[in-house]
Amino acid sequence: MTDLSEARQRLVDAWLDNQWLERGLSRNTLENYGRDLRQFGDWLNREEHTPLEQCQRHQLLQFLAHRHEQGLGARSVARQLSALKSFFRWMKREGRIGEDPTLNVARPKTGRALPKSLSEADVEALLAAPDLDDPLGLRDRAMLEVLYACGLRVSELVGLTLGQVNQRQGLVRVVGKGDKERLVPLGEEALHWLARYLREARPLLIHPDQDVLFPSRRGETMTRQAFWYRIKQIAVSAGVQKALSPHTLRHAFATHLLNHGADLRVVQLLLGHSDLSTTQIYTHVAQQRLQTLYEQHHPRAGT
């Protein structure tokens, strides 16, 4: 794949900077958006010999059809179209183009995928799996307990520092997407394992002057990929057969709270969702539990 021209790259960078400033998008999202736009720009150069600034609606539709023919799923096509729509709206607002080629281009219907979750028994097995005689195992136990107790994103977990945790009040100050902060309770079990980890294991893993809460084997900030690999290893030793994702314990956190009667808006605040509709998907995951409760407690459920 050829690189965009230097001028075009500056244009893309200016748009990405705007997205970071105005929308507070994460680095991962910005990287995905930049990759989507570069991919379209390369195709436009190669197949249509057209610069981005002169893109026409029919060319955009041809590109989306091309991506679909390559086997790209509807959800991935929709994400790529979302990036292109955002870019060309910005171009129009900045006066760089006369017409927005993405105007009236409908997003493909994707449906909403239900998040994969674990049963409470699965979570208990996962939490109990790390080797507590190993400092890394004790670190893993504390990380999993905090992850499940707080419903954190993995990126939020590995980025935690000592200063973000208040053991006396039982709270963690989380910096989420768009640098938005939220306070999340830790719970007694997570506090117990966190205190034991800080007392017994962390001093063996990192220099006392360092502020990273959960360091890697080398005493550095752990990457999301490294923790994800660690979770998969732990799941194997725990005998958990279900498919896992980096958000598995976050999904379990939300689902189990709803199963036990938590209010949806409380779960929204704990997860750091800006829009309640994002949280509402978990009501579908918990539907079976709700049906069971209805059958158990409604006086006419059995009639």
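None of the values given here were measured: they were computed from a predicted structure.

(A) Region of interest: the overall build of the chain. Per the secondary structure count, the chain includes 14 helices and three strands. The buried share of the chain, reckoned over its 303 residues, is 42%. A fraction of 59% describes how many contacts in the chain between residues 6 or more apart in sequence connect residues 24 or more apart. In the form shown here, the chain has an accessible surface area of approximately 17,000 Å², with 48% of it arising from carbon and sulfur atoms.

(B) Highlighting the pairing of strand E2 (residues 171-175). The two faces of E2 differ: Val172 and Val174 on one face are buried, but Leu171, Arg173 and Val175 on the other face are not. The sheet contact formed by strand E1 (residues 165-166) and E2 spans two bridges and is antiparallel. Considered in E2, the bridge of asparagine 166 is made with leucine 171. In this structure, the hairpin formed by E1 and E2 is closed by a connection of four residues, where glycine 170 is found at a positive phi of approximately 70 degrees. Alignment of E2 against strand E3 (residues 181-185), held across five bridges, turns out to be antiparallel. When the sheet's bridge partners are listed, valine 174 is paired in E3 with arginine 182. Remark: five residues form the turn of the hairpin made by E2 and E3, two consecutive strands paired antiparallel; glycine 178 in that turn has positive phi of roughly 65 degrees.

(C) Broad picture of the sheet that holds E3. What the three strands build is an open sheet, ordered E1-E2-E3; its pairing is antiparallel. What marks the edges here is a single partner per strand, and that holds for E1 and E3.

(D) Layout of the UniProt feature "active site" (unreviewed entry) in the chain. If you check UniProt for "active site" (unreviewed entry), the listed places come out as Arg153, Lys177, His247, Arg250, His273 and Tyr282 in our numbering. Topologically, arginine 153 is positioned in the loop between helix H6 (135-150) and helix H7 (154-158). Within the structure, the side chain of arginine 153 is placed 2.5 Å from the side chain of glutamate 156, a separation counted as a polar contact.

(E) Region of the structure containing the environment of glutamate 124. Counting through the fold element by element, glutamate 124 comes out in helix H5 (residues 120-128). Note: C-alpha distance between glutamate 124 and alanine 238 (114 residues apart in sequence) is 9.3 Å.

(F) A negative patch on the surface, seen in detail. A surface patch of like charges, here negative, comprises Glu120, Glu124, Glu188 and Glu189. Along the chain, the position of glutamate 189 falls in helix H8 (residues 188-200). Of the residues examined, glutamate 189 reaches a relative accessible area of 46% and is grouped as partly exposed.

What counts as what
Residues numbered from 1 in each chain as written. Predicted model: local features only at pLDDT ≥ 70, side-chain atom pairs only at ≥ 80, totals over all residues. Heavy atoms only, no water. Helix = DSSP H or I, 4+ residues; strand = E, 2+ residues; numbered from the N terminus. Buried < 20%, exposed > 50% of the residue type's maximum accessible area, 1.4 Å probe, protein only. Contact = heavy atoms within 4.5 Å. Areas by Shrake-Rupley, 256 points an atom, 1.4 Å probe, with all protein chains shown as cover. Pairing = 2+ DSSP bridges. UniProt positions renumbered as here; feature names shortened; annotations may be inferred. Polar contact = N/O pair within 3.5 Å; in protein donor to acceptor, adjacent residues only side chain to side chain. Patch = residues over 30% accessible without salt bridge, like charges linked within 9 Å, V, L, I, M, F, W, Y side chains within 5 Å. Salt bridge = Lys/Arg side-chain N within 4 Å of Asp/Glu carboxyl O. Lys, Arg positive; Asp, Glu negative; His and termini not counted. Charge placed at Lys NZ, Arg CZ, Asp CG, Glu CD.

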